[in-house]
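So you can see what is in the structure, the chains are spelled out below.
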Amino acid sequence: MPHRETICQSIDGASSPYSSIFMTRGNYRGEDKAPGSPQHIEKFVSGLLTDFNLVVTGIAALPYELKRVDTDEIIKNVDQLSSGEAQLVTIGLDILTIASIWEVNGQTHRIILIDEPDAHIHPDLQVRFADFLFQIAEHFELQVVVATHSTSLLAAVGQFGGEKASVIARTQNIKLRILAQFRKSYLHALGDMY
């Protein structure tokens, strides 16, 4: 799993790529708009992993605390998470960190490419991930491109993205073509799959 080392370093307190954004903005919770707001980060990750609460602490060594909702267990090691949970929390934090840094820096062209995020993720978590992507894309004004073979993820993209989402397929002879934007008729058909 590609991100297990990253989350282990973060949970164990070593320096992480997440520290820079949290250190740049600190634990500011005022009324004025601040890039990378802790409340937004907490909300987005909690929506992605509904069995957990993430609290931004602003502490340099470990800028957040991840806690199981049902037991109040604080996650201190990646081995306490399933492979899907570990993948979602790391990719979610990666995306939020990048988007927040772009917002802090005033980046105007914001495109995120994600290659097969569905590996090791249960289909219901893929649905939550698609919802997360559309919330993040709207909030941070991102364009997100996802490569996947997962029909569950594609259906969820159609469900949450609607006409804002498109499917691009590669045919046998390597030609790319845009199949179609998701339209209401497709959404109805996709809804029957759940």
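Residues numbered from 1 in each chain as written. Predicted model: local features only at pLDDT ≥ 70, side-chain atom pairs only at ≥ 80, totals over all residues. Heavy atoms only, no water.

Student: I'm lost on unusual backbone geometry in this one. Help?
Tutor: Leave glycine aside and you will find that most residues have negative phi; peptide bonds, for their part, are mostly trans. Residue Asp72 is not a glycine yet carries a positive backbone phi of 60°. Residue placement: Asp72 occurs in the loop between β2 (64–68) and α4 (83–105). The phi angle at His120 is positive, at roughly 70°, despite the residue not being glycine. Within the element layout of this structure, His120 appears in the loop between β3 (111–115) and α5 (123–140). (Helix = DSSP H or I, 4+ residues; strand = E, 2+ residues; numbered from the N terminus.)

Student: Just to check I follow, could you spell out the nonpolar core for this structure?
Tutor: One recurring pattern in soluble globular proteins: nonpolar side chains tend to sit buried together. With 39 residues, the main nonpolar core has Leu88, Ile95, Leu96, Phe129, Phe132, Ile136 and Leu142 as its most contacted residues. At the level of elements, α3 (38–48), β1 (52–56), β2, α4, β3, α5 and α6 (151–161) are the ones that each hand at least two residues to this core. Ignoring any residue separated from it by four or fewer positions in sequence, one finds Ile95 in contact with Ile112, Ile114, Phe129, Phe132, Leu133 and Ile136. (Core = buried A, V, L, I, M, F, W, Y, C linked by side-chain atoms within 4.5 Å. Buried < 20%, exposed > 50% of the residue type's maximum accessible area, 1.4 Å probe, protein only. Contact = heavy atoms within 4.5 Å.)

Student: Explain the packing of α3 against α4 to me, please; I cannot follow it from the model alone.
Tutor: The description of two helices packed together rests on the angle between their axes and the distance between the axes. Interhelical geometry of α3 versus α4 gives an angle of 150° and a closest axis separation of 10 Å. By the angle class used here, α3 and α4 are roughly antiparallel. With respect to the hand of their crossing, α3 and α4 are arranged in right-handed fashion. Between α3, through Ile41, Phe44, Val45 and Leu48, and α4, the contact on the second element is made entirely by Leu88, Val89, Gly92, Leu93, Leu96 and Ser100. Its residues placed into classes, the contact of α3 with α4 shows 8 nonpolar, 2 polar and no charged. (Axes fitted to C-alpha atoms, helices over the stretch in contact; angles between N-to-C directions. Parallel < 35°, antiparallel > 145°, perpendicular 65-115°, else oblique. Left-handed = near helix turned anticlockwise from the far one by under 90°. Nonpolar A, V, L, I, M, F, W, Y, C, P; charged D, E, K, R; others polar.)

Student: Any chance you could explain the pairing of β2 here in plain terms?
Tutor: Side-chain direction in a regular strand flips from residue to residue, so the side chains alternate between the two faces of the sheet. Going residue by residue along β2, you find Tyr64, Leu66 and Arg68 tucked away on one face and Glu65 and Lys67 left uncovered on the opposite face. Sheet analysis places β1 next to β2, joined by 5 bridges and oriented antiparallel. Each residue of the ladder has a partner; that of Leu54, found in β2, is Leu66. (Pairing = 2+ DSSP bridges.)

Student: For this particular structure, what's the right way to read the pattern of salt bridges?
Tutor: It is possible for side chains of opposite charge to pair when their charged atoms get near one another. Enumeration over the complete set of coordinates arrives at 5 salt bridges. Glu73 serves as the salt-bridge partner of Arg68, at 3.1 Å between the closest nitrogen and oxygen. Owing to a relative accessible area of 17%, Arg68 belongs among the buried residues under this scheme. One salt bridge connects Glu138 with Lys164, and the closest N-O pair in it is separated by 3.9 Å. Highlighted residues: Glu138 in helix α5 and Lys164 in the loop between α6 and β5 (166–170), separated in sequence by 26 residues. A relative accessible area of 60% places Glu138 in the exposed class. A cluster of three or more residues bridged by salt bridges with shared partners is formed by Arg68, Glu73 and Glu85. (Salt bridge = Lys/Arg side-chain N within 4 Å of Asp/Glu carboxyl O.)

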